[in-house]
Amino acid sequence: MSPRTDNTSTIGVVHPVCCGLDVHKKSIAASLIWVDKNGREQLEQKEFGTMTDDLISMRQWLLDYNCPVVAIEHRGALASGPQRIGTLG
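Please read these numbers as outputs of a predicted model, since none were measured by experiment.

Side note on the pairing of strand β1 (residues 17–23)
So, point 1. Alternating positions in β1 separate cleanly, V17, C19, L21 and V23 being buried on one face and C18, G20 and D22 remaining unburied on the opposite face.
So, point 2. Taking the residues between adjacent antiparallel strands as the criterion, β1 and strand β2 (residues 28–35) are bridged by 4 residues.
So, point 3. Bridge count for β1 against strand β4 (residues 70–73) is 4 bridges, and the pairing is parallel. If you follow C19 over to β4, its bridge partner there is V70.

Shown next, in the form of structure tokens:
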């Protein structure tokens, strides 16, 4: 998906760079939001697989954006999966 270029947020910025993950059995949907140099919010969405190489790619993507905050939405038996990788740093 292409980055969002509008600034229609109704919630104030708490973290200038953060990511939300929606974890599924075979994929992880990631939404990265950051504030650009003009103070406008930008959004990039990507989908990753759940195998180790995919998770390493997702980690690198987050590091490329200097993303320090990740929120994970998950339920059921998969609840402990991606968290086993450890910290990004």
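Read on, since the account is not over.
Some details on the sheet that holds β4
So, point 1. If you walk across this open sheet you meet the 4 strands as β3-β2-β1-β4, and the pairing is mixed. In the strand order of this sheet, the two ends are held by β3 (41–48) and β4, each with one partner. Between one strand axis and the next, the sheet turns through 15 degrees on average, direction left out of account.
So, point 2. Across the sheet, helix α1 (residues 52–64) lies against β1, β2, β3 and β4, angled at about 170 degrees from β3, the strand it touches most.

What counts, and at which threshold
- Residues numbered from 1 in each chain as written.
- Predicted model: local features only at pLDDT ≥ 70, side-chain atom pairs only at ≥ 80, totals over all residues.
- Heavy atoms only, no water.
- Buried < 20%, exposed > 50% of the residue type's maximum accessible area, 1.4 Å probe, protein only.
- Helix = DSSP H or I, 4+ residues; strand = E, 2+ residues; numbered from the N terminus.
- Pairing = 2+ DSSP bridges.
- Axes fitted to C-alpha atoms, helices over the stretch in contact; angles between N-to-C directions.
- Contact = heavy atoms within 4.5 Å.

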